[in-house]
Amino acid sequence: GDIDFDDNCDIVVAGSGSNDLFKVLRSNQTVQTVSLNYPTSVLSVAYRKSNDSYYVGLSSGDIYRTTKAGAKTLLVDVGNQANSLTVAPVGFGAYGDFIISAEDNGQITAINPSNGTTTLLATPTSNISDVTSGPDGTLYAVAHNNGVVYTISAAGTVATYTTTTAGMDGIVIAASNARMFL
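Note that residues are indexed from 1 along each chain, following the sequence as it is written. Reporting of local features is limited, given that this is a predicted model, to residues whose pLDDT is at least 70; pairs of side-chain atoms are given and counted only at 80 or more, and all residues count toward the totals for whole chains, interfaces and linings. The side-chain quantities take in all heavy atoms of the structure and omit both hydrogens and water.

Q: Tell me what's going on with the packing of aromatic side chains, and back it up with residues and numbers.
A: Here a Phe, Tyr or Trp ring, Trp counted by its six-membered ring, pairs with any other such ring whose centre lies within 6.5 Å, and the pair is stacked when the planes are under 30 degrees apart, edge-to-face when over 60, and tilted otherwise. Taken as a whole and judged by the stated rule, the model has 4 aromatic pairs. When the ring of Y47 is compared with that of Y54, the centres are 5.7 Å apart and the planes differ by 55°; the resulting orientation is tilted. Grouping residues by exposure puts Y47 and Y54 together as buried. Between the aromatic rings of Y95 and F98, the centroid separation amounts to 5.7 Å while the plane-to-plane angle is 70°, which identifies the pairing as edge-to-face. Burial classification: accessible surface area is computed with a 1.4 Å probe over protein chains only, and a residue below 20% of its type maximum counts as buried, one above 50% as exposed, and the rest as partly exposed. Residue class for Y95 comes out buried when judged on its relative accessible area of 17%. We call a charge positioned over a ring when the NZ of a Lys or the CZ of an Arg lies within 6 Å of the ring centre and within 35 degrees of the ring normal. In this arrangement the basic side chain of K72 is found over the ring face of Y38, its NZ or CZ atom lying 4.7 Å from the centre.

Q: Explain the environment of T157 to me, using residue names and the numbers behind them.
A: Numbering of helices and strands starts at the N terminus; helices are DSSP runs of H or I of at least 4 residues and strands are runs of E of at least 2. With respect to the secondary-structure elements, T157 resides in the loop between β15 (148-152) and β16 (158-163). For the pair formed by T157 and A71, sequence separation is 86 residues and the distance between their alpha carbons is 36 Å. When near neighbours in sequence (up to four residues on either side) are disregarded, T157 contacts T151 and I152. It only takes one pair of heavy atoms within 4.5 Å for two residues to be counted as in contact.

Q: Could you give an account of the environment of A102, with specific residues and numbers?
A: When you line up the elements, A102 lands in strand β10 (residues 99-103). Residues A102 and V142 lie 40 residues apart in sequence; the distance between their C-alpha atoms is 9.3 Å. What A102 contacts, discounting residues up to four positions off in sequence, is Q81, A82, N83, S84, Q107, I108, I128, D130 and V131.

Q: Give me the lowdown on the confidence of the model for the protein chain, citing residues and values where you can.
A: Confidence scores here are pLDDT values: one per residue, from the predictor, ranging 0 to 100. Averaged over the protein chain, the pLDDT score is 89; the fraction of residues at 70 or greater is 91%. Looking over the protein chain, one finds the lowest element-wise mean pLDDT in strand β18 (residues 180-181), namely 68, and the highest in strand β8 (residues 72-77), namely 97.

Q: Go over unusual backbone geometry with me, naming the residues and quoting the values.
A: Located in the positive-phi region is C9, a residue other than glycine, with phi close to 65°. Tracing the sequence through the fold places C9 in the loop between β1 (3-5) and β2 (11-14). Of note in the backbone geometry, D52 takes a positive phi value of approximately 50° without being a glycine. Along the chain, D52 falls in the loop between β5 (42-48) and β6 (53-58).

Q: Just give me the short version of the sheet that holds strand β9 (residues 82-87), but keep the residues and values in it.
A: Pairing between strands is defined by DSSP: at least two bridges between the two strands are required. Read from one edge of the open sheet, 4 strands run β9-β10-β11-β12, paired in antiparallel fashion. Each edge of the open sheet carries a strand with a single partner, namely β9 and β12 (118-122). Adjacent strand axes in the sheet meet at a mean angle of 30°, parallel and antiparallel pairs treated alike. Here 4 bridges tie β10 to strand β11 (residues 108-111), and the two strands are oriented antiparallel to one another. By the bridge assignment for β11, S101 is matched with T109. Axis definition: a line fitted to C-alpha atoms, over the contacting stretch in the case of helices. Angles run 0 to 180 degrees between N-to-C directions.

Q: Help me get a handle on the nonpolar core, residues and values and all.
A: The nonpolar core is taken to be a set of buried Ala, Val, Leu, Ile, Met, Phe, Trp, Tyr and Cys residues, with the residues joined through side-chain atoms within 4.5 Å. Counting residues in each nonpolar core, the largest one holds 18 residues, and the members touching the most others are I100, I108, L121, I128 and L139. Counting only elements with at least two residues in this core, the list comes to β10, β11, β12, β13 (128-133), β14 (139-143) and β15. Those residues within four positions of L121 in sequence are excluded, and the remaining contacts are F92, Y95, I100, I108, T109, A110, L139, A154 and G156. Ranked by size, the runner-up nonpolar core spans 12 residues in total, among them V12, A14, V34 and V45.

Q: Which residues make up the pattern of salt bridges, and what are the values?
A: Close approach of charged atoms allows side chains of opposite charge to pair. Any carboxyl oxygen of Asp or Glu within 4 Å of a side-chain nitrogen of Lys or Arg constitutes a salt bridge here. This model, assessed by the stated rule, comprises 5 salt bridges. Residue D10 pairs with K23 through a salt bridge whose shortest N-O separation is 3.9 Å. You can see D10 sitting in the loop between β1 and β2 and its partner K23 sitting in strand β3 (residues 21-24), a full 13 residues away along the chain. Like D10, the residue K23 is buried in the burial classification. With a shortest N-O distance of 2.8 Å, D97 and R48 are connected by a salt bridge.

Have a look at this one:
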């Protein structure tokens, strides 16, 4: 599963192997259901502050916009398993504040959250397992199959940032931009 933080610093959790979305409340560490019964397994989640919504990626490739009250609306089907979602930094070219999807076939897709229009940004390799942005606005993707961490520009330029061991499944960049956690 995937996690993200919302504006209350609650941890939003994609229930891997589950069709449900949960959050752990910062105030008392209890688990709260956000939304139940998505059509297929919930794999990824990203919180978008500008419209106070969760974006939920499913194993089917469907991406849903979900309100904090749990109402869900299908935004788009990206056609591939949505392994990870993040929100692009505001300064990320024409795709600032868009939803970025890392898909099982290696595609990195920008999704307009207003209308669901998709733009293929890059296909660095197969099996991209996670995507995130650093505090400096750099977009990073990690490939599970080969352990490579890539940077991806808004123009679609892919560069190898570093190589680790295969099997990396997640990536987080420290707020200082001084550390990367894999």
